[in-house]
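# A structural walkthrough
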Amino acid sequence: METILRSEEMAEIARICLIPVRHHSPACAFHVKKVIGEWKPDAVLVEGPDNANAMIPVMVHGDTRAPFAIYYAYHDKAGKISGQQEHYKCYYPFLDYSPELVALREAHRNMTCVSFIDLSYGDILYASHVNCREGQERSGNPESMETYNDDYLLTRNAYITRLCEKTGMRSFEEFWEKYFELNGMDEDSDVWFSHLNTYCALARENTPETELEMEGCLARERHMAARIVQKVQGGCRRVLVVTGGFHTPGLRELLSAEKWQETAAYAKSIGQYVPHEDESVYLMPYTMEAADALNGYASGMPYTGFYQKIWDGIASQVQKPYEEAVLDMIVSSGKELRKQEGYLSTYDEICAWQMAQGLCSLRGKPQPGAYELQDAVLSSYVKGEYNIASDMPVRILRQLMTGTGSGALCTQADVPPIVLDFEKQCSQFGIRTNTTLEKEVVFSIFSSKKHRQMSMFFHRLVFLKTPFAVRVKGPDLQRRVDRNLVREVWKYKYHAQVYAALIDVSVYGATVEDAVMGIVEEQLGRDIGADSAALLLTQVFEMGMESQLDKVYGAVQDAILQDADFYSVADALKSLLMMEELGVLYESRMEFGALLRQGVRKLLTLLSGIARIRDEKLDESMEALKLLYRITGRKDYETEREDFFEALERMQGDTQIHAGLNGCIHGILYGGGRESAHEVGMVCKGYLTGTREQLLQTAVFFRGLFFAARDLLLIEKELLGMMDSFLGEVSEDEFMELLPQLRMAFAYFTPSETDKIAGRAAAFHQKRREDIMEREEILPEWFSYGKRLDAYVWDRMSRAYPEG
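Residues numbered from 1 in each chain as written. Predicted model: local features only at pLDDT ≥ 70, side-chain atom pairs only at ≥ 80, totals over all residues. Heavy atoms only, no water.

### What about the pattern of salt bridges?
The condition is simple: Each reported salt bridge corresponds to a side-chain nitrogen of Lys or Arg within 4 Å of a carboxyl oxygen of Asp or Glu. Secondary structure follows DSSP: runs of H or I at least 4 residues long count as helices, runs of E at least 2 residues long count as strands, and numbering of each begins at the N terminus. When a residue's accessible area, from a 1.4 Å probe over protein chains only, is under 20% of the maximum for its type it is buried; when over 50% it is exposed; and in between it is partly exposed.
Tallied over the entire structure, the rule returns 46 salt bridges. Between D328 and K309 there is a salt bridge, with the nearest N and O atoms lying 3.0 Å from each other. Placement of D328 in helix α14 (residues 321-340) and of K309 in helix α13 (residues 304-315) is noted, with a sequence separation of 19 residues between them. For K309, a relative accessible area of 35% corresponds to the partly exposed category.

### Observations concerning the packing of helix α19 (residues 449-463) against helix α22 (residues 530-543)
Let me state the cut-off plainly: Lines are fitted to the C-alpha atoms to define the axes, a helix being fitted only along its stretch in contact, and any angle between axes, read from their N-to-C directions, falls within 0 to 180 degrees. The criterion used for residue contact is that any of the two residues' heavy atoms lie within 4.5 Å.
Remark: α19 packs on α22, axes separated minimally by 8 Å, with the N-to-C direction vectors making an angle of 140°. Contacts from R452, M456, H459, R460 and F463 of α19 reach α22 at L536, Q539, F541, E542 and M543.

### Description of the domain arrangement of the chain
Put simply, the rule reads: Note that the domain bounds were set by an automatic or database domain assignment.
Each assigned domain of the chain is listed with its residue range as follows: domain 1 (8-295), domain 2 (304-402), domain 3 (417-508) and domain 4 (658-804). The C-alpha centroid of domain 3 is placed 36 Å from the C-alpha centroid of domain 2.

### Topic: helix α16 (residues 370-381)
For clarity, the threshold we go by: Here a helix's expected span is defined as the number of its residues, less one, multiplied by 1.5 Å.
Between its terminal C-alpha atoms α16 stretches 16 Å, which fits the 16 Å expected from twelve residues at 1.5 Å a residue. For α16, the buried fraction is high: nine of the twelve residues fall into the buried class. When we look at burial in α16, the residues that qualify are A370, Y371, E372, L373, D375, A376, V377, S380 and Y381. Contacts made by the buried residues of α16 are with α6 (172-182), α13, α14, α15 (346-362) and α17 (392-402).

### Looking at unusual backbone geometry
For the peptide bond that leads from A66 to P67, omega is 5°, which places it in the cis range. Backbone geometry places M111, a non-glycine residue, at a positive phi of 55°. Assignment of secondary structure puts M111 in the loop between α3 (99-109) and β6 (113-118). The class of M111 is exposed, set by a relative accessible area of 78%. Positive phi outside glycine occurs at K465, with the angle close to 60°. The topology assignment puts K465 in the loop between α19 and β10 (469-473). Given a relative accessible area of 73%, K465 falls into the exposed group.

### With respect to the state of the cysteines
Keep this limit in mind: The rule for a disulfide is simple: a pair of cysteine sulfur atoms within 2.5 Å.
Going through the model one piece at a time under the given rule, you end up with zero disulfides. Take C684: it sits in no disulfide, and the sulfur closest to it among the cysteines is that of C664, at 13 Å. Residue classification places C684 among the buried residues on the basis of a relative accessible area of 0%.

### What about the sheet that holds strand β8 (residues 279-285)?
The test is simple: Strand pairing follows a simple DSSP-based rule, namely that at least 2 bridges must link the two strands.
Taken in spatial order, the three strands make up an open sheet running β5-β4-β8, and their pairing is antiparallel. A single partner strand is all that each edge strand has here, and the edge strands are β5 (87-94) and β8. Here the average twist between neighbouring strands, direction ignored, is 20°. With eight bridges joining them, strand β4 (residues 68-75) and β5 adopt antiparallel strand pairing. Following the sheet pairing, Y71 is matched in β5 by Y91.

### Some details on the packing of aromatic side chains
As a reminder, the rule being used: Here the aromatic set is Phe, Tyr and Trp, taking the six-membered ring for Trp, and pairing holds for ring centres within 6.5 Å; pairs whose planes are under 30 degrees apart are stacked, those over 60 apart are edge-to-face, and all others are tilted. Charge over a ring is defined by NZ of Lys or CZ of Arg lying within 6 Å of the ring centre and within 35 degrees of the ring normal.
In the structure shown here, the tally under the stated rule is 41 aromatic pairs. The interplanar angle of 85° and the centroid separation of 5.1 Å between the aromatic rings of F446 and Y586 together place this pair among those described as edge-to-face. Here F446 is found in the loop between β9 (439-444) and α19, whereas its partner Y586 is found in the loop between α24 (566-582) and α25 (593-606), with 140 residues between them in sequence. Owing to a relative accessible area of 25%, F446 belongs among the partly exposed residues under this scheme. Among the residues examined, Y586 registers a relative accessible area of 7% and is labelled buried. Among the aromatic residues, ring-to-ring pairing joins F172, F175, W176, Y179, F180, W192, F193 and Y199 into one connected group. Directly above the ring of Y567 sits K617, whose terminal nitrogen or CZ lies 4.3 Å from the centroid.

### With respect to the packing of α13 against α14
Worth spelling out the cut-off: By definition in this entry, angles of less than 35 degrees are roughly parallel, angles greater than 145 are roughly antiparallel, angles of 65 to 115 are roughly perpendicular, and the rest are oblique. Each crossing gets its hand from how the near helix is turned against the far one by less than a right angle, where anticlockwise is left-handed and clockwise is right-handed.
In contact at an axis separation of 9 Å, α13 and α14 are set at 135° when each is read in the N-to-C sense. Judged on the interaxial angle alone, α14 and α13 are oblique. Of the two possible hands of crossing, α13 and α14 adopt the one that is right-handed. Where α13 approaches α14, its residues G305, F306, Y307, K309, I310, G313 and I314 are matched on the opposing element by P321, Y322, A325, V326, D328 and M329.

### What about the pairing of β6?
Among the six residues of β6, five are classified as buried, and the element is accordingly described as predominantly covered. As defined by bridge partners, strand β3 (residues 43-49) adjoins β6 across five bridges and the pair is classed as parallel. Bridge pairing in β6 links P49 to D118.

### Observations regarding the nonpolar core
Counted only if it meets this: Residues enter a nonpolar core if they are buried and are Ala, Val, Leu, Ile, Met, Phe, Trp, Tyr or Cys, with the set joined through side-chain atoms within 4.5 Å.
Among the nonpolar cores identified, the biggest contains 227 residues, and I70, Y199, F306, F458, F468 and L607 are the most heavily contacted of them. Broken down by element, this core gets its largest block of residues, eleven residues, from α24. Apart from residues no more than four positions distant in its own chain, F458 is found in contact with I431, V441, F443, F468, A469, W490 and Y492. The next biggest cluster of nonpolar side chains, apart from the first, holds 20 residues, and it includes I16, L18, V229 and V239.

### Points about the side chain of Q367
Threshold: For the purposes of these results, a polar contact is taken to be a pair of N or O atoms within 3.5 Å, where, inside protein, one atom must be able to donate a hydrogen and its partner to accept one; residues adjacent in sequence count only when each atom of the pair is a side-chain atom.
By secondary structure assignment, the location of Q367 is in the loop between α15 and α16. The exposure class of Q367 is buried, given its relative accessible area of 5%. Polar side-chain contacts of Q367 include one of 2.9 Å to the backbone nitrogen of Y322. Those residues in contact with Q367, other than ones at most four positions away along the chain, are L182, K320, P321, Y322, E323 and C360.

Right, here's the structure in full:
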């Protein structure tokens, strides 16, 4: 193997030309395209997982539109990464100006052999994890690795920080744009790659060897070098290799004369770290928003929409693509700002353009770039102080610089059927998936059949944990709230994670409905309580999955029989009652009567076990008793009603029964005609005249009593007199201790009822309403509050009417 370099600047080793790139860099893409056209290689090798080579024909197809991504999912069934057998996933996005995609397209156009040469995602995870166990802690956990590329190694270390300081740049991104993007448009490719090689070598030298090991870099480079050797040994005379610039120095060393034989020996025995049958690889549409580095994508450059305009300008042979893009975005953001705020003038736009040009000259740049654009808009469009109330211009510009476009795949792409079903249903319902802008829709779910179908579709996607649609308003059956609402308000937004989530659940079925059925059946196979089973039934009911109702109904039936948890069965009963009441509205054919009766009978058998509850269980227990009282009040529940009352009477015999629960039981028995008001009053008297401990339990007893029968206090004057006497007997410290429970007890009354009770209580002390509310003296705390209120009103009035 010859080791004489044809061009040191391009790091060509004999018949191998190593091209360093930065992911999603228009300048890199521009020079890669030039080099391929000039050098005319026999083979083009690209950094990328070698188990995705079958997807290259789709990636370079004329009908495939960027952005798109290779999506990797690895299920660690063999426990290679951890003992948890977890699921891992990542994305490898491609934009029109990604150097890797440009290399693939150019190779295809020139009918040159092209392939990926890197480790698969699972193998990278394994290499990173093994080195992490053997060395120190890894800076980026393999469990959280969701991007395939490692461009971030080019952008962070002490050398880069110092470099930005010396050049007066605010960030690495600004440094990169000035010295590589803006200057790179007019430089010869040899010179430009010479600069990039130097920068990459220095970044590599300032990265510790241990970090390279723990990031999996060394394992990846050994694998890529072996693939390059295989290609050379296979007869290719001119091999062009496109990889992330951070790997170029490592590959140069492995392909040197000193290391060639060692690399060739490794190439004969390339193996795999993880079972490849546990890996899934798909091509999927991606979005500009998801590919933006500022939105969490760890590799590549920010402002995808802005640099797409730069690339379009380069492709159109615009003389100054940056100037044109900056001017276009100044005008576009101004137009949008006028539409939303209405205050911006054409003069402001002229000032912004002049500011961008002036900053460009001041900073020694050939054209204004992304950072001159941002500074110009901030200084010219934001009036006054820049804060959350005045940041609309910056937010609008940020959205424009990110872009809202999404990609598409050609018909030859291997797309999971569930994704096709999702797209088909979206098309049928008129739901847009070709933009990342958030949309809001309102469904009249009980008066429009189409709206009900769309609601069911959205509910199914939520059940599949697909981050596509979110309900912001409407009846929530799972939490049993807002049941009186007749409309649903949803917000939906397409992004790359939607596609990925659908791929993840594609193992359960070929359509959205089939996947839901598969997951429902999987959950039915687990050991779940009555509450979880009823929740699943509610979800199926809400999704309109009539075919699954019978199966889940049977599971709820079995769960109720086997569940010995009173609160779990009570929660299930609430859900069943709700679904029975809403069955007609939701056009459900399911009958819940038998299941309700079974749940009531099971609760009655468990009732005696909750007599000595903890304080935190009081509300839940009282709600359950009230639910039983409500259901057993039906005409065909006479037997259960009698059993319910008898169970409550037995619970009263427990001397350690919780006072609040005891009050609730007496209230229910009073409401059911099993106790008179006098009998309830005698129980109250027992608390009041008993031990001090019983006296302090009186407030809790009243809380339970008023929860179930608050009308007692309005009807029985003797009971109100008892309360008045009770409050007069306790000390101030005891009253403060009782106050929280008393507040909760009286919270069950309406304002008019509270006022009526207060009037009667005042009468016990020969006071009228006027005597209490109309005071001659002013309490200190009242005066202080009034003073603060006056100051507040004066301040607001002064602001509203400064000249008044």
